[in-house]
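Working through the structure, step by step
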Amino acid sequence: MPADKCELDHIVPFNHANPSAGGWTTEANLECLCKEHHDMKTRGIIRVVLRGNRTIWFSTRAGQKVATKAAVR
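Before going into details, it helps to say that this report is about the structure given with it. It should be emphasised that the depicted structure is a prediction, and the values quoted were computed from it without experimental measurement.

Inspection of the secondary structure assignment puts T26 in the loop between β1 (7-10) and β2 (30-33). The class for T26 is partly exposed, based on a relative accessible area of 35%. Note: C-alpha distance between T26 and H10 (16 residues apart in sequence) is 8.6 Å.

Take a look at the structure:
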């Protein structure tokens, strides 16, 4: 999905109760997700983990896992 058709997602969610705990809006903590996957993550249907090599892992509650490489900025 082209980035201009996506929504920015905080990989580590912003902690509204304790902002200093993390989830900041920084380039390293943002990724483009299509609306469907962003909504699924928000609802807890999938889990998204960004690894240090910019690999994004999507996991379902059923244990399915898929990886994709984030675009180089």
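So much for the structure itself; the text now carries on.
Before going further, it helps to examine the pairing of strand β3 (residues 46-50). Among the five residues in β3, four count as buried, and that is most of the element. Where β3 meets strand β4 (residues 55-60), five bridges bridge the pair, whose relative direction is antiparallel. Residue pairing across strands places R47 opposite S59, the latter belonging to β4. Joining the antiparallel neighbours β3 and β4 is a turn of four residues, in which R54 adopts a positive phi near 70°.

Here we take up the pattern of salt bridges. Oppositely charged side chains are able to pair whenever their charged atoms sit close together. One pass over the full model with this rule turns up three salt bridges. A salt bridge links K35 to E7, with the shortest nitrogen-to-oxygen separation between them at 3.8 Å. Here the residue K35 occupies a position in helix α1 (residues 35-42), and E7 occupies one in strand β1, the gap between them amounting to 28 residues. Taking relative accessible area as the criterion, E7 reaches 25% and is therefore assigned partly exposed. Here D9 and K41 are joined by a salt bridge, their closest N and O atoms 3.0 Å apart. Here D9, found in strand β1, pairs with K41, found in helix α1; they are 32 residues apart in sequence, far enough to count as distant.

All right, on to the layout of surface pockets then. A volume near 170 Å³ is recorded for the second largest pocket. Taken together, the residues that form the lining of the second largest pocket break down as five nonpolar, four polar and one charged.

In this section: the nonpolar core. I11, L33, M40, I46, V48, L50, I56 and F58 together form the largest nonpolar core, which totals eight residues. Of all the secondary-structure elements, those providing two or more residues to this core are β3 and β4.

This brings us to the pairing of β4. Where β4 meets strand β5 (residues 65-69), five bridges bridge the pair, whose relative direction is antiparallel. Looking at β5, one finds that F58 is bridged to V66. Following β4, the chain reverses through four residues before pairing antiparallel with β5; G63 in that reversal takes a positive phi of roughly 95°.

Calculation criteria
Residues numbered from 1 in each chain as written. Predicted model: local features only at pLDDT ≥ 70, side-chain atom pairs only at ≥ 80, totals over all residues. Heavy atoms only, no water. Helix = DSSP H or I, 4+ residues; strand = E, 2+ residues; numbered from the N terminus. Buried < 20%, exposed > 50% of the residue type's maximum accessible area, 1.4 Å probe, protein only. Pairing = 2+ DSSP bridges. Salt bridge = Lys/Arg side-chain N within 4 Å of Asp/Glu carboxyl O. 1 Å grid on protein atoms, 1.4 Å probe; cavity = no way out; pocket = protein on both sides within 12 Å on 5 of 7 lines; lining within 4 Å. Points joined across faces, edges and corners; volume = space filled by probe spheres on them. Nonpolar A, V, L, I, M, F, W, Y, C, P; charged D, E, K, R; others polar. Core = buried A, V, L, I, M, F, W, Y, C linked by side-chain atoms within 4.5 Å.

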